[in-house]
Amino acid sequence: MKWSKFNYSVSDENYTIIKNSKTLGVVKLDNELYKTLINSPIEKDNPVYSQLITNGFIVENEIEHYMNDIIEAIEESNNFVLVLAPTLKCNFRCKYCYEEGIYDSEAKEELFFINSLKTILQQINLDKNINFLKIILFGGEPTIAPIKTLYEITRLLNDIGIKYSFDIITNGYSISNEFLEWCRLTDIDNIQVTIDGTEEYHNENRVLINDRGQFKKIFDN
C-alpha cells in the first residue's frame, strides 16, 4: 500500500492538514506523528494507519482503480471531455497553488503521461458510441511542456480517428514560437489565460520562480 497520489498537505509549526482531492477527505495530524507515519512502513493493524486507509489517504492499486473509473465514464457518454496535464512543472509559484511540491522528474513524468494517455485513448477507440473528444490542457503549465509531448498527444488522437478539439488553460507567460506553431497546426477552440485582478494584486499573488512581477509580459504575449 502507498500514500495516495491525490493527497495534498499544508503545515504550520504544530499540525499538518492533508486533503485527498479524489475522496475529498481531510485529516489533521500532529506534525511529529505525520513525520513518523510517512517515514515508516505502513502497518494495516495500526489504528492510525487503519483510519487513513479507510478514508483513502493510503491506498492499494490506486492507478488501476483510477483508470477503471475513467473507463466506466467513457462507456457512459457519446461526447467525452478529457483534462490532461502534459506536465506538472510550472514557471510560477502562486501563493495559493495546491500543486506545489508534486513535480517529479520530466522523463519519468512524460513516460507516465504518454502511457496513461495511450490506455485511455485505446479504451475510447473501443467504444464506438463516442464521436467527439474535448481535450483540455492543464498543468502545471502546459505551455512549458516538452513540445514533443504536445505533438505526441495530437498524433495519438489522430490515430484513433475521432473528431476532437482543444481548450488550453495557461498563465500566459511562456508563449514560445514552438508552442505557437503547434497551436497553428491544431484545432483549438479556446485559450483561457488566468489573470488575478489588477496588476498590483496579480503580481503580488501570482509570482514567478524568481519572484518578479509578470502582469505586463502576459498582456504583451
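The coordinates are above.
Fair warning: this is a prediction, and the values are worked out from it, not measured in the lab. (Residues numbered from 1 in each chain as written. Predicted model: local features only at pLDDT ≥ 70, side-chain atom pairs only at ≥ 80, totals over all residues. Heavy atoms only, no water.)

Overview of the environment of E181
We apply this condition: By definition, any uninterrupted DSSP run of H or I lasting at least four residues is a helix, any uninterrupted run of E lasting at least two residues is a strand, and each is numbered from the N terminus. Burial classes follow relative accessibility: with a 1.4 Å probe on protein chains only, a residue under 20% of its type's maximum area counts as buried, one over 50% as exposed, and anything between as partly exposed. Any pair of N or O atoms that falls within 3.5 Å is considered a polar contact. Within protein, one atom must be able to donate a hydrogen and the other to accept it, and sequence-neighbouring residues count only if both atoms are side-chain atoms.
Here E181 shows up in helix α6 (residues 177-184). Relative accessible area serves as the criterion here: at 33%, E181 is assigned to the partly exposed category. For the pair E181 and I147, spaced 34 residues apart in sequence, the C-alpha separation works out to 10.0 Å. Among the polar contacts listed, one links the side chain of E181 to the side chain of R184, at a separation of 2.7 Å.

Here's the deal with the sheet that holds strand β4 (residues 26-30)
To keep it simple, the criterion reads: What makes two strands pair is DSSP finding at least two bridges between them. Axis definition: a line fit to C-alpha positions, over the contact stretch in the case of helices; interaxial angles, taken between N-to-C directions, run 0 to 180 degrees. What makes two residues a contact is simply this: any of their non-hydrogen atoms within 4.5 Å.
One open sheet holds the three strands; their spatial order is β2-β3-β4, and the pairing between them is antiparallel. Only two strands of the sheet have a single neighbouring strand rather than two, namely β2 (7-11) and β4. Recorded for the sheet is a direction-independent mean angle of 20 degrees between the axes of neighbouring strands. Across five bridges, the pairing between strand β3 (residues 15-20) and β4 is antiparallel. Looking at the pairing, I18 lines up with V27 of β4. Against the sheet, helix α1 (residues 31-38) touches β2, β3 and β4, its axis set at about 105 degrees to β4.

Re the packing of helix α5 (residues 147-160) against α6
Our working rule: For classification, angles of less than 35 degrees are called roughly parallel, those exceeding 145 degrees roughly antiparallel, those between 65 and 115 degrees roughly perpendicular, and all remaining angles oblique. For this classification, Asp, Glu, Lys and Arg are treated as charged, while Ala, Val, Leu, Ile, Met, Phe, Trp, Tyr, Cys and Pro are nonpolar and the rest, including Gly, are polar.
Interaxial distance between α5 and α6 falls to 10 Å at its minimum, and their mutual angle equals 10 degrees. Between α5 and α6, the crossing angle belongs to the class labelled roughly parallel. In this structure, α5 contributes I147, L150, Y151 and T154 to the contact, and α6 contributes E178, F179, E181 and W182. A breakdown of the residues in the contact of α5 with α6 according to their chemical character gives five nonpolar, one polar and two charged.

Brief notes about the sheet that holds strand β6 (residues 79-84)
If you walk across this open sheet you meet the four strands as β6-β7-β8-β9, and the pairing is parallel. In this open sheet, the two strands that pair with only one neighbour each are β6 and β9 (188-193). The mean angle between the axes of side-by-side strands here comes to 15 degrees, regardless of whether they run parallel or antiparallel. Its contacts with the sheet put α6 on β7 (132-137), β8 (163-170) and β9, and the angle it makes with β8 is roughly 150 degrees.

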